[in-house]
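Below are the chains, spelled out letter by letter.
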Amino acid sequence: YSNFIDDLRVYVRGGTGGMGYPNLGGEGGRGGDVWFVARERTTLKSIREKYPQKRFVAGTGANSSVKALKGEKGKDCEVHVPLGISVLDDDGKQLGELNAAGERFLAARGGLGGSLATNFLPCKGQRRTVHLDLKLIADVGLVGFPNAGKSSLLSKISHAKPEIANYAFTTIQPELGKVMYADYKQISVADLPGLIEGAHANKGMGHKFLKHVERTKQLLLVVDISGFQLSIKTQFRTAFETILLLTKELELYKEELVTKPALLAINKMDLPCAKDNLDELVTQLENPQAFLHLVEEEIIPANTLEFREIIPISTYTGEGIEELKTCIRKSIDEQAEQVNEEYRKKKLLLLQTSK
């Protein structure tokens, strides 16, 4: 993943409470807490660079004294983290998540100050090691095998400048771009490292890729019309087989991914025989069941993806790029309207039941 970090293990410890004052029944201040706070323009890499020890300790509570029988609370420690963070314990259990700017998660609680109940001795703060697991939040996630043209497509539809070359693994880290429209609407698109067969079992970049698909609202499959072959040792796959395989990998990793709204971009339409191959592919996609007997059983997914639109494109000539941008906008707007409609119905139902 080179410079991109999507998992960071950190130590957090709440502050120790302050000493009580036995003679006058004084109570020590409570220790400070450690909080994770979601902030935009923050990365896990910047946290690691700023805090190389990866230790976050809150302040100690003030001791009780004659001047202040109730000691002051220790200073809280706030750690700014990126949006899309899941907080996990060492066993992989999710403790919480932060998806919107300003959201807070209590990572370690401070200890109680000394009081009559504790024989005026302070308590130590909570301490533990946690994982900050980042899953990119984007409107659209580009899904495809290596060399399908995802990086070229992202550079055509947005202002992102991903590395582009004619070999399989160009994208070794996720790349985010913004598609700008005439009315200033912006849609975020994530180009993610290319899948390979067996990604669900963590082959290649497997889980490092697939976990980022989880938080995208929609999928945009990018497929090479001439088919795909990773190397001379691996089997050649037609465009139809590629779509089946991509669906299978998503499904085996997490079934819900296949239920996301999806678009299909058929790339490299500038190649010879592309038109004939496209006609054949469209026929296969219109009735996939009729062609499944021609492929190996192990690459057939339990559920096929339903594509809202199929758009032939060429990132080389620019063919179909504007149409694709329009389809992305339309699909995102329709999904937003659907979510709003469901929200309105829930509100109405709550009002009716409360009456």
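Described in the following lines is the structure provided in the data block. Computed from a predicted structure; not experimentally measured.

This part covers the overall build of the protein. Helices and strands together make up the secondary structure of the protein, namely six helices and 14 strands. In terms of overall size, the protein is more extended than a compact globule, its C-alpha atoms giving a radius of gyration of 26 Å where 355 residues would be expected to give roughly 20 Å. Taken over the C-alpha atoms alone, the protein extends approximately 90 × 60 × 40 Å along its principal axes. Classification of the 355 residues of the protein by burial places 48% in the buried group. At a minimum sequence separation of 6, the contacts of the protein that also span at least 24 residues come to 72%. A total of about 18,700 Å² of accessible surface is found on the protein, and carbon and sulfur atoms cover 51% of it. Of the side-chain charges in the protein, 47 are positive and 46 negative, and the distance between the mean point of each set is 12 Å.

At N119, a position not held by glycine, the phi torsion is positive, near 60°. Among the structural elements, N119 can be located in the loop between β7 (104-108) and β8 (127-134). The phi torsion at F120 lies on the positive side, around 65°, for a residue other than glycine. If you trace the backbone, F120 turns up in the loop between β7 and β8. Its relative accessible area of 10% is what places F120 among the buried residues.

Reading the values: rules and limits
Residues numbered from 1 in each chain as written. Predicted model: local features only at pLDDT ≥ 70, side-chain atom pairs only at ≥ 80, totals over all residues. Heavy atoms only, no water. Helix = DSSP H or I, 4+ residues; strand = E, 2+ residues; numbered from the N terminus. Rg over C-alpha atoms; globule rule 2.2 N^0.38 Å. Buried < 20%, exposed > 50% of the residue type's maximum accessible area, 1.4 Å probe, protein only. Contact = heavy atoms within 4.5 Å. Areas by Shrake-Rupley, 256 points an atom, 1.4 Å probe, with all protein chains shown as cover. Lys, Arg positive; Asp, Glu negative; His and termini not counted. Charge placed at Lys NZ, Arg CZ, Asp CG, Glu CD.

By themselves, these observations are geometric and do not establish any function.
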